[in-house]
Amino acid sequence: MAKPVFSPISIARALPYIALTPDNSIRPLADAALRHLDVDPSPAWEVAHMSSAVALVREGLGFSLLPASCASVFNIERCHVVPIKQPTRRSIGLLETRPVSRSPSMSAFMAFLHERLLASR
């Protein structure tokens, strides 16, 4: 018997949305992805932790939009991961102490990183 094919839109329209709280950096990206799919991003539940969202999904209470890395961190045996197209990319930053007193190796790394970022544009 063939496995059913799931699309992000069909899942999002059929199940309640389990969202992370608005103060979480993932929430605006998840809501934007739902709007991109033309799905209302109003959550049925808001939870503070990704582990809580995974637990609710695992119990069949809805769906959640989480970083792909969750699949390797949390127990998702009874879950199905469906990749979605994202309207925006997540930006990251390099965090270092102030005042910045870089070692020669850190200065070389920063120059390399800056060069690579410019080349990727």
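Analysis parameters
- Residues numbered from 1 in each chain as written.
- Predicted model: local features only at pLDDT ≥ 70, side-chain atom pairs only at ≥ 80, totals over all residues.
- Heavy atoms only, no water.
- Helix = DSSP H or I, 4+ residues; strand = E, 2+ residues; numbered from the N terminus.
- Buried < 20%, exposed > 50% of the residue type's maximum accessible area, 1.4 Å probe, protein only.
- Contact = heavy atoms within 4.5 Å.
- Core = buried A, V, L, I, M, F, W, Y, C linked by side-chain atoms within 4.5 Å.
- pLDDT = per-residue confidence, 0-100.
- Phe/Tyr/Trp six-rings, centres within 6.5 Å; stacked < 30°, edge-to-face > 60°.
- Salt bridge = Lys/Arg side-chain N within 4 Å of Asp/Glu carboxyl O.
- 1 Å grid on protein atoms, 1.4 Å probe; cavity = no way out; pocket = protein on both sides within 12 Å on 5 of 7 lines; lining within 4 Å.
- Points joined across faces, edges and corners; volume = space filled by probe spheres on them.
- Nonpolar A, V, L, I, M, F, W, Y, C, P; charged D, E, K, R; others polar.

The number of helices and strands found in the protein is 5 helices and 2 strands. When the helices and strands of the protein are listed from N to C terminus, the series reads α-β-α-β-α-α-α. Expressed as a percentage of the 121 residues in the protein, the buried residues total 23%. Long-range contacts, defined as pairs at least 24 residues apart, comprise 60% of the intrachain contacts of the protein with a sequence gap of at least 6.

Of all hydrophobic cores here, the largest spans 12 residues; its members are I11, A12, Y17, A19, A30, A33, L34, L37, V39, F63, L65 and V82. Elements with a contribution of two residues or more to this core: helix 1 (8-14) and helix 2 (26-36). Leaving out residues up to four positions away in the same chain, L65 has contacts with Y17, I26, A30, A33, L34 and I84. The next biggest cluster of nonpolar side chains, apart from the first, holds 5 residues, and it includes I18, L20, I26 and V47.

Looking at the protein as a whole, its pLDDT mean stands at 83, while 83% of the residues score no less than 70. The lowest-confidence element of the protein is helix 1, averaging 81 in pLDDT; the highest-confidence one is strand 2 (residues 45-47), averaging 97.

This brings us to the packing of aromatic side chains. Counted under the stated rule, the structure contains 1 aromatic pair. Arranged with centres 5.4 Å apart and planes meeting at 20 degrees, the rings of Y17 and F63 form a pair that is stacked. Remark: F63 occurs in the loop between helix 3 (50-58) and helix 4 (70-73) and Y17 occurs in the loop between helix 1 and strand 1 (18-20); sequence separation between them is 46 residues. Each member of the pair, Y17 together with F63, is buried.

Moving on to the pattern of salt bridges. In the structure shown here, the tally under the stated rule is 3 salt bridges. Notably, a salt bridge pairs R13 with D38, separated by 3.9 Å at the nearest N-O pair. Of the two residues, R13 is situated in helix 1 and D38 in the loop between helix 2 and strand 2; the sequence distance between them amounts to 25 residues. Considered together, R13 and D38 belong to a single accessibility category, that of exposed residues. Across the pair D31 and R27 runs a salt bridge whose closest N-O atoms are separated by 2.9 Å. Highlighted residues: D31 and R27, both in helix 2, separated by 4 residues, approximately one helical turn. Across the pair, exposure class does not vary: D31 and R27 are buried alike.

Taken as a whole, the largest pocket encloses approximately 950 Å³ of empty space. As for the largest pocket, its lining consists of 33 residues, of which S64, L65, L66, V81 and V82 are closest to the centre. At the level of secondary structure, the elements contributing two or more residues to the lining of the largest pocket comprise helix 1, helix 2, helix 3 and helix 4. Here the lining of the largest pocket takes 5 residues from helix 2, the largest share from any one element. Class assignment of the residues belonging to the lining of the largest pocket gives a composition of 26 nonpolar, 5 polar and 2 charged.

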